Amino acid sequence: MASRSCANLLELASGVLDIPCTPSPRTLPRVMTVPGIISDVDSYSNDDGDSDGTSSVCRERKIVVANMLPLHAKRDPETNKWCFSLDEDSILIHLKDGFSSETEVVYVGSLKAEIDASEQDEVAQKLLEEFNCVPTFLPSDLQKKFYLGFCKRQLWPLFHYMLPMCPDHGDRFDRSLWQAYVSANKIYADKVMEVINPEDDCVWVHDYHLMVLPTFLRKRYYRVKLGFFLHSPFPSSEIYRTLTVRDEILRGLLNCDLIGFHTFDYARHFLSCCSRMLGLDYESKRGHIGLDYFGRTVYIKILPVGVHMGRLESALNLPSTTAKVKEIQEQFKGKKVILGIDDMDIFKGISLKLLAVEQLLQQNPELQGKIVLVQIVNPARGFGKDVQEAKNETYLTAKRINVVYGSPNYEPVILIDHPVSHQEKSAYYAVAECCIVNAVRDGMNLVPYKYIVCRQGTPDMNEALGITEDSPRTSMLVVSEFIGCSPSLSGAIRVNPWDIDAVADALNLAITMSNSEKQLRHEKHYRYVSSHDVAYWARSFSQDLDRACQDHYSKRCWGIGLGLRFRVVSLSPNFRKLSVDHIVSAYKRTTRRAIFLDYDGTVIPQTSIIKSPSPEVLSMMNSLCKDPKNTVFIVSGRSRTSLGDWFASCEKLGIAAEHGYFLRWDSTSKWETSLVSADLDWKEIVEPVMRLYTEATDGSNIESKESALVWHHQDADPDFGSCQAKELLDHLENVLANEPALVKRGQHIVEVKPQGVSKGLVAEKVLLRMVNDGKPPDFVMCIGDDRSDEDMFESILSTVASPLLPSPPEIFACTVGRKPSKAKYYLDDAIDVVKLLQGLATASNPKPRNLPHIQVSFESAFDSVM
């Protein structure tokens, strides 16, 4: 078996390698012997991306992919064999409750233990048969670079707004760690490919560890049902744009069908990054936010994850929990317990929380001896100097508070830094008068939800607490405004964790608030938490993923782009590239031809600095116009002065300027003005309004035409420009409600033009004149690149269906660029348009064989010398 070299994996990470495909057969298990390499990948071809294998199993399946499998692993000391058990605290186990009982869930991920290569076959088979788990077995060195390296030292700090401003403050971008991240994601994708039935299975990828995995899956299976949920914050564009591989990660996520976030803020930051870095716009479609990405709609889901109600309630009923509750009550008798449960890291704000408690005791001496903060510190998930510094600061601050405000029988701060069981935490939740989550930046953080459920209690817990069944339940939450669950907890006291005084005041308010208000806040929170549990979250995500994928098989798909820039173009099944040979054949056998050409973005590239037509374009236009069988029109939004000057040499060319407000049949005829709306007094209303927005929007400008006014914001800040354009559109529609003017928003523009003027009317007018002159067209070609050209495509289709035409002509409506359109054909860019026009010009003016090619070659050579 041949395997790819590590050098090729490095090329893959750089985005220059065309990633090979992985076969679909489920040959489990397979042993990983070289980092990032599945050895029999290269012997398979992809064809069209839809040659997927089928499964004999009809049962619905979800493939859940995460960094770690929801398993515990340990060796049996007697047999020396590996023993595995489910991690009942894992959200990956809990989300199964959101699926139907007939749904099979397969897990793909790594184990928390390192398995020797000689044991991997046996372990993989055991995990698949007993737990429906497929392990990835990353080599040790790759695992460290992938997880402890790129994930924890670069992505995790950046997503929590920590920039590597200097060597002592975060790690700078390391290309080798990025390559390890890509290699690891490829291994995870390969494992998914081993077990997937791509036509039926749904794949749900979790968290920032696997953000380029969707690219590998989408390259192999164009129509795979693929969802992703980010459990961490997504940073603002100002932070995210500092990441060297920002585009690759965005494109990886956009290869999904549905992307989930905890809060709208996180989703908004992602959408802003897509807009600013990839130029993508989004819109709300019937209540769902969607991004158009090469013909595919990538939907955005905003829903915070919930807790598993049953597991929390069952823990409260355990004898060990009720016994612990009684122990805690006795330990803190006569005192109000404030609870904090956090991981030990620099973003959880533990030291800020302690400073707030210190401030509370200083400002309210009467609380000394009456309150106690119990801070449970979970083990750190990462390592490094930052974590150690945070730990040292926490212990020093706690010690100082206890020395100053404590007594022989009283410590205001209790630090618990050993592993604490699920049952013991539940006991502390049940007893605490107040829970504080003071993180400076966090993803979701389910501590407040768990606290609310435990404070609601159960019959057994009520008995342990010494309260009756009908006693009112109370709880108080102080939460940071920078955590994912904050927006859903409207009854909590939200705080800025950096404002020590405000946090101290919030704690004081929480412990002194009346029981009746505490009850109202608790009831409001419990209603939300109990109805939006983890099952609801999983079910809602799954339903939205099904809806996002419902049109997969109604469109044709193409894969384009190399390496991590790969994406799928999804378009109508009748939409295809216009072949020069095909249209030339039709051109030659017809005698009454109508040709309509847009200008910017069609005849010349949209990005061209020189806006006038090249000599080559003028020559081709002259050849087409001089053919007596042709009626040729340039239909553009540009002014008649510019178009008239540029095409002065094309005497028989028809020109429709300013979207058809001005029309000239050839250079000898006069300009005709649209009679639909000759009143342009509304320009006096529009111009001051546009000027107001131009002054307020840096980078915007006004283009004044004879019949229209256009506000451009292409060079403005993308978000602000788009926001101002929307506001300007609403403003102008209001002030022009009774005026004969139409306000339209285009790509980076807001245009006001007379009502009843469009490119579609130009096409209709020209075609009807040909019919009235006794020359009904038998060939119609229309090429354009933007929204205004869609009017032409639609008008041509409706006009040629008129009974006035003796027979339907051959129609070639063609858009520039692969994108959704009313046209049946597409060409990739303006270069393709020029090649097509060259083919038609040659057919109109045939010359001896090879001469056109020689002439073009000499001209090209001359141009290159000049």
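Conventions and cut-offs
Residues numbered from 1 in each chain as written. Predicted model: local features only at pLDDT ≥ 70, side-chain atom pairs only at ≥ 80, totals over all residues. Heavy atoms only, no water. Buried < 20%, exposed > 50% of the residue type's maximum accessible area, 1.4 Å probe, protein only. Helix = DSSP H or I, 4+ residues; strand = E, 2+ residues; numbered from the N terminus. pLDDT = per-residue confidence, 0-100. Contact = heavy atoms within 4.5 Å. 1 Å grid on protein atoms, 1.4 Å probe; cavity = no way out; pocket = protein on both sides within 12 Å on 5 of 7 lines; lining within 4 Å. Points joined across faces, edges and corners; volume = space filled by probe spheres on them. Nonpolar A, V, L, I, M, F, W, Y, C, P; charged D, E, K, R; others polar. Pairing = 2+ DSSP bridges. Axes fitted to C-alpha atoms, helices over the stretch in contact; angles between N-to-C directions. Salt bridge = Lys/Arg side-chain N within 4 Å of Asp/Glu carboxyl O. Phe/Tyr/Trp six-rings, centres within 6.5 Å; stacked < 30°, edge-to-face > 60°. Lys NZ or Arg CZ within 6 Å of the ring centre and 35° of its normal.

With seven of seven residues buried, strand β4 (residues 104–110) lies mostly within the body of the structure. Taking every second residue as pointing to the same face, both faces of β4 are buried, with E104, V106, V108 and S110 on one and V105, Y107 and G109 on the other.

Our focus in this paragraph is the confidence of the model for the protein. Across the protein, the average pLDDT comes to 87, with 90% of residues at or above 70. Predicted confidence for residues 1–57 stays below pLDDT 50, and this span has 126 contacts to residues more than four positions away or in other chains. Low pLDDT, under 50, characterises residues 849–866; the predicted model gives this stretch two contacts beyond four residues in sequence or across chains.

Burial within helix α14 (residues 422–431) is extensive, with nine of its ten residues counted as buried. For α14, the complete set of buried residues consists of H422, E424, K425, S426, A427, Y428, Y429, A430 and V431.

Unfilled space is identified by rolling a water-sized probe across the atoms. On inspection of all chains with the given rule, the structure shows one cavity of 30 Å³ or more. As a volume, the largest cavity reaches approximately 50 Å³. Every residue along the wall of the largest cavity is listed here: K62, I63, C202, V203, W204, F541, S542 and L545. Elements that contribute at least two residues to the lining of the largest cavity include exactly β1 (61–68), β6 (202–206) and α19 (534–548). Looking at the lining of the largest cavity, its residues break down into six nonpolar, one polar and one charged.

Another point: helix α8 (residues 246–254). Across the nine residues that make up α8, a large majority, eight, are buried. Of all the residues in α8, the buried ones are D247, E248, I249, L250, R251, G252, L253 and L254.

The residue F150 is located in helix α4 (residues 140–159) in this model. Taking the C-alpha atoms as reference, F150 lies 6.4 Å from Y181; in sequence the two are 31 residues apart.

Let us now look at the sheet that holds strand β26 (residues 701–704). Pairing is antiparallel across the open sheet formed by four strands, whose spatial order is β26-β27-β29-β28. The outermost strands of the open sheet, each flanked by one partner alone, are β26 and β28 (741–746). On average, each strand axis in the sheet is tilted by 15° relative to the strand beside it, whichever way the strands run. As judged from the four bridges shared by strand β27 (residues 709–712) and strand β29 (residues 749–754), these two strands associate in the antiparallel manner. Each bridged residue has a counterpart across the sheet, and for H712 the counterpart in β29 is I749.

With that settled, consider the pattern of salt bridges. One pass over the full model with this rule turns up 38 salt bridges. As a salt-bridge pair, D201 and R61 come within 2.6 Å of each other at their nearest N and O atoms. You can see D201 sitting in the loop between α5 (175–195) and β6 and its partner R61 sitting in strand β1, a full 140 residues away along the chain. For the pair D201 and R61, a shared accessibility class is recorded, and that class is buried. For D789, the salt bridge goes to K759, with nearest N and O atoms at 2.8 Å. Here the residue D789 occupies a position in helix α26 (residues 787–800), and K759 occupies one in helix α25 (residues 759–772), the gap between them amounting to 30 residues. The buried category is assigned to D789, whose relative accessible area is 0%.

Under the definition given, this model contains 30 aromatic pairs. On the numbers, 4.9 Å between centres and 50° between planes, the contact of F150 with Y181 is tilted. Placement of F150 in helix α4 and of Y181 in helix α5 is noted, with a sequence separation of 31 residues between them. Here F150 and Y181 have matching classes, each one buried. What links up through ring pairs into an aromatic cluster is the set F146, F150, F173, W178, Y181 and Y188. The side chain of R593 reaches across the aromatic face of Y587, ending 3.7 Å from its centre. Positioned above the aromatic ring of F662 is the side chain of R640, whose terminal nitrogen or guanidinium carbon lies 4.0 Å from the ring centre.

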